[in-house]
Amino acid sequence: MKRARSIDDMDAASISLKSLFDEEIIFIDRPNGGDPLQVILLKKQNTPNKSKAPLILHIHSGGFTVRVSKNAFSARIFSALLEMDDEKSPVMESATWAIVVYRLAPDFIYPAATDDCLLALNHLVHTMGLGEGGIHVSGLSAGGTLAIETTMKSLDLVDTFYVDAPMVPLSVNDQKNEWSMDSPSFRRYAYTRLPSVTWLEWSLKAYTGVETVPDLENDLSYGAITTSVDITGGAMTVSEWVKRSNSTDLLPPLFLVTSKGDPLQYGGLEFKGVYEQAMQQVEAKNNKHESTAEGISKIKHFDTSSGHCSFYLFEPSVFQHIMKEWYDEMRVVWERKNHVVTDFDGLL
């Protein structure tokens, strides 16, 4: 039997999605005009469309300013999920992987990218009818930040979200409403070049409309640059999640990846703490008294060893384990929405 072409057979920089998946590109009109939003839809090759299939909205990395490795990461993650299907639970057989080609800074500042992600999600679900088998949001680095805010503002839709190395500025002074990239990991791993901390700070400025002034910034220490714009849209505030949870009894499961050696590690850990507290408060508000242990168990956190968004290549067994954990939760959602009775259910 001829072996299917694998992502590992190709140079990641030259990946053609068409060689691996059925690809369709759609364009969505923006409500305020301008160029339409482009979304790339991927499906398993030569697979008939079936109702009640999952939708995975993927938001690429690149510091809000570039489209770095958009195809490579999508191909690697989606291929891994497809390979986990079996005959009893063909969860991903007709799944759609949707890549949002959101507007980039500095030409378009916050909240342009978030608005594009929300527009894409709502169009795919409400206009195209996708996601009847589960709606999942995925994001890496800056895309992880966008995935967090998109999920928070779409709690009535999202079933799970997967966040790797989110670019999360932390509050400097609550009273002054200032945020910066400064954190223990940002300073500890300032030597790294993947990603460069100076590039991260430039990206934050670009996305929030802050001008670079070299004469003033040359002597600043790492983490000293601040912005008055919260690019998480309030997602680092427990009360914001609780306020937006009126349409749901429980917050969606979170699959969070951080990495040792990553300047962004601490921001991801801080988000984990915020989300844990939000889960507990939402469950308590809705009288889910069994929730404390159950709620926290819905956060799956993985702290990898190879650095920023690098475990996909350098820790293959870890990558497979994380994908299996996320896939298993997708399967639970898919079985519930398709009214699939498992062997275990039949014994009850």
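Residues numbered from 1 in each chain as written. Predicted model: local features only at pLDDT ≥ 70, side-chain atom pairs only at ≥ 80, totals over all residues. Heavy atoms only, no water.

## Section: the sheet that holds strand 6 (residues 160-164)
Across a sheet, strands are paired by hydrogen bonds formed along the backbone, either parallel or antiparallel in direction. Convention followed: A pair of strands is treated as paired once DSSP finds two or more bridges between them. Think of it this way: any DSSP run of H or I at least four residues long counts as a helix, any run of E at least two long counts as a strand, and we number them from the N terminus. For helices, the fitted axis covers only the stretch in contact; all axes are lines through C-alpha atoms, and the angles between them, taken along N-to-C directions, range from 0 to 180 degrees. What makes two residues a contact is simply this: any of their non-hydrogen atoms within 4.5 Å.
Taken together, the 8 strands give an open sheet; going across it, the order is 1-2-4-3-5-6-10-11, and neighbouring strands pair in mixed fashion. Two strands bound the open sheet, and with one partner strand each, they are strand 1 (21-28) and strand 11 (299-304). Strand-to-strand twist in this sheet, taken as the mean axis angle between neighbours without regard to direction, amounts to 15°. Pairing analysis gives 8 bridges linking strand 1 to strand 2 (residues 37-44), with the strands arranged antiparallel. Bridge assignment links Ile25 to a residue of strand 2, and that residue is Ile40. On the sheet, helix 3 (residues 142-152) packs against strand 3 (55-59), strand 5 (135-140) and strand 6 and is oriented at approximately 150° with respect to strand 5. Sheet strands touched by helix 8 (residues 265-285): strand 6, strand 10 (254-259) and strand 11. Its angle to strand 10, the strand with the most contacts, is close to 155°.

## A word on the sheet that holds strand 9 (residues 226-227)
In spatial order, the strands read 7-8-9; together these 3 strands make up an open sheet with antiparallel pairing. Each end of this open sheet is capped by a strand with a single partner; those strands are strand 7 (170-173) and strand 9. As judged from the 3 bridges shared by strand 7 and strand 8 (residues 178-180), these two strands associate in the antiparallel manner. Following the sheet pairing, Ser171 is matched in strand 8 by Trp179.

## Quick look at a nonpolar patch on the surface
We apply this condition: Note on patches: the residues involved have over 30% relative accessible area and no salt bridge, like charges join within 9 Å, and the nonpolar side chains Val, Leu, Ile, Met, Phe, Trp and Tyr join within 5 Å. Exposure was quantified through the Shrake-Rupley algorithm and a 1.4 Å probe, taking into account, for residues, occlusion by the shown protein chains and nothing else. Definition used for salt bridges: Asp or Glu carboxyl oxygen within 4 Å of a side-chain nitrogen of Lys or Arg. When a residue's accessible area, from a 1.4 Å probe over protein chains only, is under 20% of the maximum for its type it is buried; when over 50% it is exposed; and in between it is partly exposed.
Together, Val66, Val68, Trp199 and Trp202 make up an exposed nonpolar region whose accessible area comes to about 310 Å². Given the relative accessible area of 35%, Val66 is considered partly exposed.

## Some words on the confidence of the model for the protein chain
Going by this rule: One confidence number per residue, pLDDT, is output by the predictor and ranges from 0 to 100.
In the predicted model, the protein chain carries a mean pLDDT of 88, and the fraction of residues at 70 or more is 88%. Confidence drops under a pLDDT of 50 for residues 290-296, and excluding neighbours within four residues, the segment shows 9 contacts in the predicted structure.

## Some remarks on the side chain of Glu315
The condition that has to hold: All tallies of charge rest on Lys and Arg as positive and Asp and Glu as negative; His and the ends of each chain are not included. Polar contacts here mean pairs of N or O atoms no more than 3.5 Å apart (in protein, one a potential hydrogen donor and the other a potential acceptor; neighbouring residues in sequence count only if both atoms are side-chain atoms).
Positionally, Glu315 belongs in the loop between helix 10 (311-314) and helix 11 (316-337). Put simply, Glu315 is tucked away with no salt bridge, and the nearest opposite charge, on Lys260, sits 7.6 Å away. Polar contacts involving the side chain of Glu315 include one to the main-chain amide nitrogen of Ser305, which spans 3.0 Å. Those residues in contact with Glu315, other than ones at most four positions away along the chain, are Thr304, Ser305 and Ser306.

## Focus: the pairing of strand 5
Worth spelling out the cut-off: Seen with its strands pointing away from the viewer, a crossover is right-handed when the path leading from the first strand over the helix to the second is clockwise.
Burial analysis of strand 5 places 6 of its 6 residues in the buried class, the great majority of the element. Burial of strand 5 is two-sided: the residues Ile135, Val137 and Gly139 facing one way and the residues His136, Ser138 and Leu140 facing the other way are all buried. Here strand 3 runs beside strand 5; their pairing, made up of 5 bridges, is parallel. Within the sheet, the bridge partner assigned to His58 lies in strand 5 and is Ser138. Relative to strand 6, strand 5 runs parallel, the two being bridged by 5 bridges. Looking at strand 6, one finds that His136 is bridged to Thr160. Running through helix 3, the crossover from strand 5 to the neighbouring parallel element strand 6 is right-handed.

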